[in-house]
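# Summary of structural features
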Amino acid sequence: MTVANALPHDDAANWLLARTAYRPTVGIIAGSGLGELADGVAHPEVFPYADIPHFPTSTVAGHAGQLVLGLLAGVPVCLMRGRVHFYEGYSMQEITLPVRVMARLGVRTCIVTNAAGGINPDFEVGDIMVIQDHINLPGLAGHNPLRGPNDDRLGPRFPDMSNAYSPTLRRLAHQVAGELGLALREGVYVMVAGPNYETPAELRYLRLIGADAVGMSTVPEVLVARHSGMRVLGLSLITNKVIFTPRDTDEPLELHQEVLDVGARRAKDLQRLVVGVVERLQEPSVDQNR
Ligand code: HPA
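Because the structure is a prediction, the values reported are computed rather than measured. (Residues numbered from 1 in each chain as written. Predicted model: local features only at pLDDT ≥ 70, side-chain atom pairs only at ≥ 80, totals over all residues. Heavy atoms only, no water.)

### Details of the site of the ligand
- Close contacts around the ligand come from Ala115, Ala116, Gly117, Tyr197, Glu198, Val214, Gly215, Met216, Thr239, Asn240, Val242 and Val259, and that covers them all.
- At a separation of 3.4 Å, a nitrogen atom of the ligand approaches a polar backbone atom of Ala115.
- Measuring from a nitrogen atom of the ligand, one finds a side-chain N or O atom of Glu198 at 2.9 Å.
- Bound to the protein, the ligand loses 94% of the 260 Å² it would expose on its own.
- Take the shell around the ligand: its biggest share by element is three residues, from strand β5 (residues 109–118).
- When grouped by side-chain class, the residues that make up the shell around the ligand number seven nonpolar, four polar and one charged. (Near = heavy atom within 4 Å. Polar contact = N/O pair within 3.5 Å; in protein donor to acceptor, adjacent residues only side chain to side chain. Areas by Shrake-Rupley, 256 points an atom, 1.4 Å probe, with all protein chains shown as cover. Helix = DSSP H or I, 4+ residues; strand = E, 2+ residues; numbered from the N terminus. Nonpolar A, V, L, I, M, F, W, Y, C, P; charged D, E, K, R; others polar.)

### Some remarks on the packing of helix α5 (residues 167–180) against helix α8 (residues 255–280)
- Viewed as axis vectors pointing N to C, α5 and α8 meet at an angle of 120°, and their least axial separation amounts to 9 Å. Between α5 and α8, the crossing angle belongs to the class labelled oblique. Our pair here, α5 against α8, has a crossing hand that is right-handed. Judged by residue contacts, Leu172, Ala173, Gln175, Val176, Ala177, Glu179 and Leu180 of α5 engage Arg272, Leu273, Gly276, Val277 and Arg280 from α8.
- Of the residues belonging to the contact of α5 with α8, the class tally is seven nonpolar, two polar and three charged. (Axes fitted to C-alpha atoms, helices over the stretch in contact; angles between N-to-C directions. Parallel < 35°, antiparallel > 145°, perpendicular 65-115°, else oblique. Left-handed = near helix turned anticlockwise from the far one by under 90°. Contact = heavy atoms within 4.5 Å.)

### Some points on unusual backbone geometry
- Geometrically, the link from Gly194 to Pro195 is a cis peptide bond, its omega value of 0° lying close to zero.
- Here Pro195 lies in the loop between β7 (185–191) and α6 (200–208).
- If you check the backbone angles, Ala73 has positive phi at about 55° while not being a glycine.
- Within the secondary structure, Ala73 sits in the loop between β3 (66–72) and β4 (75–81).
- When its relative accessible area of 31% is taken as the criterion, Ala73 is described as partly exposed. (Buried < 20%, exposed > 50% of the residue type's maximum accessible area, 1.4 Å probe, protein only.)

### Some remarks on the pattern of salt bridges
- Considering all chains together, one arrives at ten salt bridges under this definition.
- In this structure, Asp10 engages Arg104 in a salt bridge whose closest nitrogen and oxygen atoms are separated by 2.4 Å. Of the two residues, Asp10 is situated in helix α1 (residues 8–17) and Arg104 in helix α3 (residues 97–105); the sequence distance between them amounts to 94 residues.
- Given a relative accessible area of 32%, Arg104 falls into the partly exposed group.
- Residues Glu179 and Arg280 are paired through a salt bridge, measuring 2.8 Å at the closest nitrogen-oxygen approach. With Glu179 in helix α5 and Arg280 in helix α8, the pair connects residues that are 101 residues apart, well separated along the chain.
- The class of Arg280 is buried, set by a relative accessible area of 13%. (Salt bridge = Lys/Arg side-chain N within 4 Å of Asp/Glu carboxyl O.)

What follows is the structure in structure tokens.
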């Protein structure tokens, strides 16, 4: 079934296309504390989310809310400095509108970053994990941005997720990390709805079902990117090690500040990795059209 014309993301894309000469082929989503990724963008043109028609605006510290168009390693990119989350009260469709806009601008490759809690006991704070696969807990419970009538112009009704995270881009990330001397993990990201952090019992459950890292974002954007036919690379920065047994104290944990601090400390390495990957996307061996 198809739905009516004049979609919100068309409005937003047309608004942008009328204001920039950039035609980005790579989209980058900078997660919690990782907005610094935008500092590497040359000749930036910056659009606050609040100015772009229909764009959701972030309500969380650490998420600036700007769309930055410019050049990264000579490649035209569209970078989201900050994202919005389901827990902020937006619908799954609203939080993924920027990805639909990217698709309309011509983006074919999407690099998604996030801050995540380390569930795999081998992971350390500051580690970077290439997302190999995900578990969509809100999605399994019905919160999915692809729910509702499918617009066949945008993508298929039943998109395949058997290789949601591009094997080519994952290999490339490991190659670039090796050249930069950066250690890189790989694992499964589980999305929880948040906004509360998980209980120890929930974390033991997440470990049992095969998750290596946990966070409150990324998966909806990846679903829409894949639905739109983009290739996806997902990178998680491990900002904390999760706790599997209840703490024996009434003192609260201050996790959000820790998440932002680790982001600030590791942003440069993540930026080098992303720039290295974008640079290599131009190589014929990394066929951009899949
Ligand atoms: N849980 C959920 N989301 C997160 C975490 C966490 O421990 N760390 C960073 N984002």
